[in-house]
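# Survey of secondary and tertiary structure
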Amino acid sequence: MGLTSKFEKLKLKGDKESESEGETVRKNSETGAGEDNTDDIDEVDNEGQSILMGIISQLRPGCDLSKITLPTFILEKKSMLERITNFFQIPDLLLSANSEKDDLQRFIKVTKWYLASWHIAPKAVKKPLNPILGEVFACYWDELPDDNKAYYISEQTSHHPPKSSYFYLVPKSKIRVDGVVVPISKFLGNSSAALMEGWGHVTFGDHDNEVYVMNQPNVYARGILFGKLRYELGDRMIIKCEKTDYEADIEFKTKGFISGTYDAVEGTIRSLKTKEDLYTISGKWNEVMDIKDLKTGKTDVLFDTHTINTWRPKTRPLSEQLDIESRKLWHPTINALAKRDHELATNEKFKVENEQRAIAKKRIEDGVEFHPKLFSSNQRYSKDSTDLEYTIYKQFDLSTDPDTLTKNVLEVIPILPGQEHDSKFEIPAYKKKESN
Ligand code: 2Y5
């Protein structure tokens, strides 16, 4: 049986199950499917505000929030590892960038995809579950435009500070995305921040493996003590492609105390070769963004968030998942959040995290180090560069045929329903990399 048809069969078998299990709490869309989604409901009422006040009264501005346990009413029903897949929910934009022949237009389209992805977020001020060390999340998309399928694998490679490493592959279109997200949490007084360190690398195999490197804007929760609780993106984000020498320099503007507006972006696309500014971008990242050609003076809509289609990820049914896989691990917590039963959610979350504390303690007692199973650390990594601290252990050469790429990604960890786990999963990534 050919690879594709074998996977088709697995997919068909699993689709039904994944809808009935893995998908149960995921029916509602962040982008507004119309049904009630607790991720979109602001649950910070008076009681909530006083719980937050109680926590805040013990904090000093500038302090690290990552060791503080926050109440569950500010939690999304997904782990950070899954939250990253929001960036792969508008694949039509990424695929359209990849099919673009002109270097500059392709760069603009990559910028459009990345900027547009930031609005795929809960409507309320909620944060994803903080993954436990070694937690993994894998998913797939099997009905993408032009017969494409895509696969995503991620692992929590550090707990303090949290580091989420991920890998995304579209075999047919020869696109891969590698990245590490490191949110450094800070309490700032009336707001808290996740200062987003880490980089994403988008590689287009059909364009001679050109790589787009991008960082992330910082994420703020404003109005914790007074005013309305609100989510804001802020500060500088860049996208760079060394091969074509283009750069986008985007500022997410935070609203001033009195003046300014919420959610504004302003930026420039320039040629690094000629040092010439070519386009400006302006508007709101969660509404409409425009792009102005500085040569012709003509302004067009870059992206209108009201016009999107989203492709939601699919997972194997919970019954097939390992205990360390996000949806299985957090299932009781997520179910409680879906019912808005915060006492139960707190208890279930505590059970998962307390077990982790015991495991971490035992590791120290035994003098054993944790090693990620799917992502190996990059020995030459430097914090001041755009390098990735962790990358998937397996080699993926985009010049190989789509069937081989698909086979390789499915060997890292079962992604499709019906796939069997094998004991190799337990071997640390750095060892698996050596024997690659
Ligand atoms: C933790 O408690 P938590 C505890 O911290 C930890 O020490 C425990 O381990 P251990 C652990 O078991 C657990 O109990 C707290 C902390 C963790 C924050 C993140 O309660 C939130 O689970 C700070 O976690 C949020 C600030 C701003 O969480 C974010 O510090 C803004 O750190 C909005 O989880 C978020 C919304 C709501 C926040 C609302 C109110 C805050 C009130 C504060 C009051 C003082 C990191 C959070 C990162 C959130 C970032 C979300 C953005 C996602 C964008 C994705 C980008 O062993 C991907 O010590 C880019 O016992 C991909 C690109 C693709 C190309």
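Notes on the structure in this doc start here. (Residues numbered from 1 in each chain as written. Predicted model: local features only at pLDDT ≥ 70, side-chain atom pairs only at ≥ 80, totals over all residues. Heavy atoms only, no water.)

### Considerations on the overall build of the protein
Each helix and strand counted, the protein has ten helices and 18 strands in total. Compactness check: the protein gives a C-alpha radius of gyration of 22 Å against a globular reference of 22 Å for 436 residues, within 12% of the reference. Dimensions of the protein, computed from the C-alpha atoms along their principal axes, are close to 65 × 60 × 45 Å. Considering the protein as a whole, with its 436 residues, one finds that 53% of them fall into the buried category. Taking the intrachain contacts of the protein between residues at least 6 apart in sequence as the baseline, contacts between residues at least 24 apart amount to 59%. Split by element, the accessible area of the protein, about 20,100 Å² in all, is 50% carbon and sulfur. (Helix = DSSP H or I, 4+ residues; strand = E, 2+ residues; numbered from the N terminus. Rg over C-alpha atoms; globule rule 2.2 N^0.38 Å. Buried < 20%, exposed > 50% of the residue type's maximum accessible area, 1.4 Å probe, protein only. Contact = heavy atoms within 4.5 Å. Areas by Shrake-Rupley, 256 points an atom, 1.4 Å probe, with all protein chains shown as cover.)

### Digging into the packing of helix H4 (residues 91–99) against helix H5 (residues 103–117)
Two quantities define a packed helix pair, namely the angle between the helix axes and the distance between the axes. Packing of H4 against H5 brings their axes to within 8 Å, and their N-to-C directions diverge by 170 degrees. On the basis of their axis angle, the class for H4 and H5 is roughly antiparallel. The segment H4 lies against H5, with Leu93, Leu94, Ser96, Ala97 and Asn98 engaging Arg106, Lys109, Val110, Lys112, Trp113 and Ala116. (Axes fitted to C-alpha atoms, helices over the stretch in contact; angles between N-to-C directions. Parallel < 35°, antiparallel > 145°, perpendicular 65-115°, else oblique.)

### A short note on the nonpolar core
In this structure, Phe88, Trp113, Tyr152, Tyr168, Tyr212 and Ile269 are the most contacted members of the largest nonpolar core, which totals 72 residues. By residue number, the principal contributor to this core is H5, which donates eight residues. In this view, Trp113 contacts Phe87, Phe88, Ile90, Leu93, Leu94, Val202 and Met214; residues no more than four positions away in its chain are not counted. (Core = buried A, V, L, I, M, F, W, Y, C linked by side-chain atoms within 4.5 Å.)

### Here we look at the pattern of salt bridges
One pass over the structure, following the stated rule, counts 35 salt bridges. One salt-bridge network, held together by shared partners, links Arg236, Glu247, Asp249, Arg270 and Asp277. (Salt bridge = Lys/Arg side-chain N within 4 Å of Asp/Glu carboxyl O.)

### Some words on the site of the ligand
Near the ligand there are 40 residues, and of these Ser66, Leu70, His160, Glu353 and Arg357 occur at the shortest range. Between the ligand and the protein, one listed contact pairs an oxygen atom with a backbone N or O atom of Ile68 at 3.0 Å. Contact distances for the ligand include 3.0 Å between an oxygen atom and a side-chain N or O atom of Lys349. Within the complex, the protein chains bury 96% of what would otherwise be the 1,400 Å² of accessible surface of the ligand. Breaking the shell around the ligand down by element, the ones donating at least two residues are helix H2 (46–56), H5, strand S2 (127–129), strand S6 (175–187), strand S7 (192–197), strand S10 (218–222) and helix H8 (342–366). When residues of the shell around the ligand are assigned to their parent elements, the largest contribution, four residues, is made by S7. A per-class count over the shell around the ligand returns 26 nonpolar, eight polar and six charged. (Near = heavy atom within 4 Å. Polar contact = N/O pair within 3.5 Å; in protein donor to acceptor, adjacent residues only side chain to side chain. Nonpolar A, V, L, I, M, F, W, Y, C, P; charged D, E, K, R; others polar.)

### What to know about H2
When we look at burial in H2, the residues that qualify are Gly48, Leu52, Ile55 and Ile56. Here the buried residues of H2 occupy an arc of 95 degrees about the axis, which is enough to place them on one side. Relative to its buried face, H2 has exposed residues pointing more than 90 degrees away, namely Asn46 and Glu47. On its buried side, H2 packs onto S6. (Arc of directions from axis to C-beta.)

### Looking at the side chain of Lys78
Turning to its location among the elements, Lys78 is positioned in strand S1 (residues 75–79). Among the polar contacts made by the side chain of Lys78, one reaches the side chain of Asn86 at a distance of 3.0 Å.

### Considerations on the side chain of Thr244
As for its position among the elements, Thr244 is in the loop between strand S11 (230–241) and strand S12 (246–253). Taking relative accessible area as the criterion, Thr244 reaches 7% and is therefore assigned buried. Those residues in contact with Thr244 that sit more than four places away from it in its chain are Asp103, Arg106 and Glu210.

### Points about a nonpolar patch on the surface
Together, Phe226, Phe257 and Ile258 give the surface a local cluster of nonpolar side chains, amounting to about 460 Å² of exposed area. Looking at where Ile258 falls in the secondary structure, it is placed in the loop between S12 and strand S13 (264–271). (Patch = residues over 30% accessible without salt bridge, like charges linked within 9 Å, V, L, I, M, F, W, Y side chains within 5 Å.)

### Details of unusual backbone geometry
Backbone torsion omega between His160 and Pro161 reads 0 degrees, so that peptide bond is classified as cis. Tracing the backbone through its elements, the reader meets Pro161 in the loop between strand S4 (148–158) and strand S5 (163–170). Backbone geometry at Asp146 places phi at a positive 55 degrees, although glycine is not the residue there. Looking at Asp146, the relative accessible area reads 55%, which means it is exposed. The phi torsion at Asp263 lies on the positive side, around 70 degrees, for a residue other than glycine. Relative to the elements of secondary structure, Asp263 occurs in the loop between S12 and S13. With a relative accessible area of 7%, Asp263 lands in the buried category.

### Here's the deal with the packing of helix H7 (residues 331–338) against H8
At their nearest, the axes of H7 and H8 sit 8 Å apart, and the two run at 165 degrees to each other. Here H8 runs roughly antiparallel to H7, going by the angle between their axes. For H7 against H8, the interelement crossing comes out left-handed. Within the contact between the two elements, H7 uses Pro332, Thr333, Ala336 and Leu337 and H8 uses His342, Leu344, Ala345, Glu348 and Lys349. Tallied by class, residues from the contact of H7 with H8 come to five nonpolar, two polar and two charged. (Left-handed = near helix turned anticlockwise from the far one by under 90°.)

### Points about the packing of aromatic side chains
Per the stated rule, a full pass over the model turns up 16 aromatic pairs. Consider the rings of Phe87 and Trp118, whose centres lie 4.7 Å apart with planes at 80 degrees: the pair is edge-to-face. Of this pair, Phe87 sits in the loop between helix H3 (80–83) and H4 while Trp118 is found in the loop between H5 and S2, placing the two residues 31 residues apart along the sequence. Residue Phe87 is classed as buried on the basis of its relative accessible area of 11%. Given the relative accessible area of 6%, Trp118 is considered buried. With centroids separated by 6.4 Å and ring planes inclined at 25 degrees, the aromatic side chains of Tyr152 and Tyr166 adopt a geometry described as stacked. Taken together, the positions of Tyr152 in strand S4 and Tyr166 in strand S5 put the pair 14 residues apart, joining distant regions of the chain. Judged on exposure class, the residue Tyr152 and its partner Tyr166 are both buried. (Phe/Tyr/Trp six-rings, centres within 6.5 Å; stacked < 30°, edge-to-face > 60°.)

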